[in-house]
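Each chain, written out:
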Amino acid sequence: MGFFSFLVLLAIAYLLWRVTDQLPDLIFRLSEIQRDVAEVRRRLADEAPTASAERTPAPTQPQGGDNNY
């Protein structure tokens, strides 16, 4: 049983070593994704005011002689 525990411990140590070996690359990729998402959000925020201005109709003045003043 002790030999099996030693093999499991070696497997866990190997997996931890592999994960920590990949962490810098993973952090870099996550920062790139975060930068891209921020750029897309900025573009959408810039387009939103112009899109809402195009959809909003201009206010109109009442026509005709129905003024109840």
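Please refer to the structure higher up on the page.
Now for a quick tour of the structure. Just so we're clear, the structure is a prediction, and the values are computed from it rather than from any experiment.

## Focus on the overall build of the protein chain
So, step 1. Secondary structure assignment for the protein chain yields one helix and zero strands.
So, step 2. Within the structure as shown, the protein chain displays about 6900 Å² of accessible surface, and the carbon and sulfur contribution to it stands at 64%.

## Here's the deal with the pattern of salt bridges
So, step 1. Under the counting rule described, the total for this entry stands at five salt bridges.
So, step 2. The residue Arg-18 makes a salt bridge to Asp-21 at a minimum N-O spacing of 4.0 Å. With a gap of three residues between them, Arg-18 and Asp-21 both fall in helix H1 (residues 2-55), about one helical turn apart.
So, step 3. Two residues, Asp-36 and Arg-35, come together in a salt bridge whose shortest N-O distance is 3.8 Å.
So, step 4. Accessibility expressed as a relative area gives 46% for Arg-35, which makes it partly exposed.

## Some words on the packing of aromatic side chains
So, step 1. Counting across every chain of the model gives one aromatic pair.
So, step 2. Here the aromatic rings of Tyr-14 and Trp-17 are separated by 5.9 Å at their centres, their planes lie at 40°, and the arrangement is tilted. Placement of both Tyr-14 and Trp-17 in helix H1 is noted, with a separation of three residues, approximately one turn of the helix.
So, step 3. Among the residues examined, Tyr-14 registers a relative accessible area of 46% and is labelled partly exposed.

## With respect to a nonpolar patch on the surface
So, step 1. A cluster of nonpolar side chains, Val-19, Leu-23, Leu-26, Ile-27, Leu-30, Ile-33 and Val-37, forms an exposed patch at the surface whose accessible area comes to about 630 Å².
So, step 2. Within the secondary structure, Leu-26 is located in helix H1.

Rules and cut-offs
Position labels on residues start from 1 in each chain and follow its written sequence. Only residues with pLDDT of at least 70 get local features here, since the model is predicted, and only at 80 or more are side-chain atom pairs given and counted; chain-wide, interface and lining totals rely on the full set of residues. Excluded from the side-chain calculations are hydrogens and water; all other atoms, namely the structure's heavy atoms, are used. Secondary structure counts use DSSP, requiring at least four H or I residues in a row for a helix and at least two E residues in a row for a strand, with both numbered from the N terminus. Here the accessible surface of atoms and residues is derived via Shrake-Rupley with a 1.4 Å probe, and residues count as covered only by protein chains that are part of the display. Just to be clear on terms, a salt bridge is a Lys or Arg side-chain nitrogen sitting within 4 Å of an Asp or Glu carboxyl oxygen. Only protein chains enter the accessibility calculation, which uses a 1.4 Å probe; a residue is then buried when its area is under 20% of its type maximum, exposed when over 50%, and partly exposed in between. Two rings from Phe, Tyr or Trp (for Trp, the six-membered ring) form a pair when their centres are within 6.5 Å of each other. A pair whose planes differ by under 30 degrees is stacked, one over 60 is edge-to-face, and the rest are tilted. Residues enter a patch when their relative accessible area is above 30% and they make no salt bridge; the linking distance is 9 Å between like charges and 5 Å between nonpolar side chains (Val, Leu, Ile, Met, Phe, Trp, Tyr).

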